[in-house]
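Observations on the three-dimensional arrangement
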Amino acid sequence: MAGLTMRRIAKEVRADVAAARDRDPAARSVSTFAILSSWGGVQALLAHRIAHAMHLNGSKVVPRIIVYATRALTGIEIHPGARIGAEFFIDHGSGVVIGETAEIGDRVTVYQGVTLGGTGFQRGKRHPTIQDNVTIGSGAKLLGPVTIGHGAKIGANTVVVTDVPEQATVVGNPGHIVRVEGRRPEGPDTDWIHLPDPIADAIKNLSDRLAEIERRLATLDGGDAEAEVRELRPKQGPTTAGG
Ligand SMILES: CC(C)(COP(=O)(O)OP(=O)(O)OC[C@H]1O[C@@H](n2cnc3c(N)ncnc32)[C@H](O)[C@@H]1OP(=O)(O)O)[C@@H](O)C(=O)NCCC(=O)NCCS
């Protein structure tokens, strides 16, 4: 039984090392030993394969110690209960958190700072399900029992709280679809950039009326109509952020 489990883990780890070579250009001409000894994402996954097998066999404390030690070493925290498919690759790794009921399919790639987390204190299935061939960019947060469809791409720093269809590219906070199978989505409700903003419209109306009142008052006083109310800054245009 233990022999079978070890053989399965060894097979999974071989596939994980091959995935690192395939998806990280820096790992192409590097030996298996070098990848196992210095790729944090691969080490975290190796530790998880062992912790998960023990977790399935009913062991409680040792898997937690493995998680603790792995986090200290790599900055990656994967709950022993998380189910991870073949050829998973965590690039760079630090800051990745994968929750207990997360399910990850085959050939999934995750960059540093990704969270597959819950949204509250509920029990049961509360973490994302990631289907095959998904890429999740650095810093993305996927929260709750959402499903990310086959081949989807999640942009860096995206926050996903709803399901993502297959082959979609999602960016932003809240995450919204910008491509489906590489093409811009068309039709009504697809322009997420120029959404109506009723509060800004109301403030602009008030600002216009105040300017008009000040102009009339100035005329009554016999002075110049120099209203101090400035126009609202346009929603788009040069950014004020420094480089
Ligand atoms: C989301 C991502 C996968 C998109 O790749 P893609 O399929 O080639 O799509 P595009 O580059 O054509 O981008 C599609 C649109 O989303 C925008 N976009 C892309 N990534 C974005 C992001 N992370 N946040 C906000 N908008 C983003 C693009 O500007 C483009 O906008 P447009 O429709 O106005 O032209 C990619 O940009 C990304 O974020 N990858 C993660 C990479 C990463 O984490 N690297 C870490 C290395 S250490």
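Residues numbered from 1 in each chain as written. Predicted model: local features only at pLDDT ≥ 70, side-chain atom pairs only at ≥ 80, totals over all residues.

**A look at the overall build of the protein**
The secondary structure content of the protein amounts to five helices and 15 strands. In the protein, which comprises 243 residues, the share counted as buried stands at 28%. In the protein, once contacts between residues fewer than 6 apart in sequence are set aside, the share between residues at least 24 apart is 31%. (Helix = DSSP H or I, 4+ residues; strand = E, 2+ residues; numbered from the N terminus. Buried ≥ 20, exposed ≤ 12 C-beta atoms within 10 Å, placed from the backbone. Contact = placed C-beta atoms within 7 Å.)

**Quick look at the site of the ligand**
Residues in close proximity to the ligand total 13 residues, the closest being Gly137, Ser138, Lys153, Gly155 and Val171. For the shell around the ligand, the per-class residue count stands at four nonpolar, seven polar and two charged. (Near = placed C-beta within 6 Å. Nonpolar A, V, L, I, M, F, W, Y, C, P; charged D, E, K, R; others polar.)

**As for the confidence of the model for the protein**
Chain-level pLDDT for the protein is 89 on average; 87% of the residues reach the 70-or-more range. Throughout residues 239-243 the model reports pLDDT below 50, and contacts reaching past four residues in sequence, or to other chains, amount to zero contacts. (pLDDT = per-residue confidence, 0-100.)

**Overview of the sheet that holds strand E8 (residues 129-130)**
Taking strand neighbours across the sheet as the criterion, the four strands line up as E2-E5-E8-E11 in an open arrangement whose pairing is parallel. The open sheet terminates on both sides in strands that have one partner only, identified here as strand E2 (83-84) and strand E11 (147-148). By the bridge criterion, two bridges tie E2 to strand E5 (residues 103-104) in an arrangement that is parallel. What sits directly across from Ile84, in E5, is Ile104. (Pairing = 2+ DSSP bridges.)

**Considering the pairing of strand E15 (residues 176-180)**
Bridge count for strand E14 (residues 168-171) against E15 is four bridges, and the pairing is antiparallel. Its bridge partner lying in E15, Val171 is registered against His176. Counted along the chain from E14 to the antiparallel partner E15, the turn is four residues long, and its residue Gly172 has a positive phi close to 90°.

**Some remarks on the nonpolar core**
One finds Ala20, Ile136 and Ile154 to be the most contacted residues of the largest nonpolar core, which totals 41 residues. Here the element with the most residues in this core is helix H3 (residues 40-56); it accounts for five residues. In this structure, Ala20 is in contact with Ala27, Ile35, Trp39, Val42 and Phe89, ignoring residues within four places of it in sequence. (Core = buried A, V, L, I, M, F, W, Y, C linked by C-beta atoms within 7 Å.)

**Looking at the sheet that holds strand E6 (residues 109-110)**
Sheet architecture is open: six strands sit in the order E3-E6-E9-E12-E14-E15, paired in mixed fashion. Of all strands in the sheet, those bounded by a partner on one side alone are strand E3 (89-90) and E15.

**Comments concerning unusual backbone geometry**
For the bond from Asn173 to Pro174, the omega torsion is 0°, close enough to zero to count as cis. Secondary-structure assignment places Pro174 in the loop between E14 and E15. The backbone phi angle of Glu87 is positive, close to 55°, even though this residue is not glycine. Residue position: Glu87 is located in the loop between E2 and E3. Judged by C-beta crowding, with 21 C-beta atoms within 10 Å, Glu87 ranks as buried. With phi around 65°, His92 is a residue other than glycine that occupies positive phi space.

**Description of the pairing of E14**
Pairing of strand E12 (residues 153-154) with E14 involves two bridges; the strand directions are parallel. From the neighbouring strand, Ile154 faces E14, where its bridge partner is Val170.

**What about the environment of Leu56?**
You can see Leu56 is positioned in helix H3. According to the C-beta neighbour criterion, Leu56 is partly exposed, with 13 such atoms within 10 Å. The sequence separation of Leu56 and Gly81 amounts to 25 residues, and the corresponding C-alpha distance is 7.8 Å.

**Here we look at helix H4 (residues 61-74)**
Between its first and last C-alpha atoms H4 spans 20 Å; for 14 residues at 1.5 Å apiece the expected length is 20 Å, and the two agree. Of all the residues in H4, the buried ones are Pro63, Ile66, Val67, Thr70 and Thr74. Along the long axis of H4, the arc covered by the buried residues comes to 100°, so they all point the same way. Looking at H4, the residues exposed on the side facing more than 90 degrees away from the buried face are Val61, Ile65, Tyr68, Ala69 and Ala72. For H4, the secondary structure elements touched by its buried residues are H3 and strand E1 (77-78). Of the residues flanking the end of H4, it is Gly75, one or two places downstream, whose phi is positive at about 75°. (Expected span 1.5 Å × (residues − 1). Arc of directions from axis to C-beta.)

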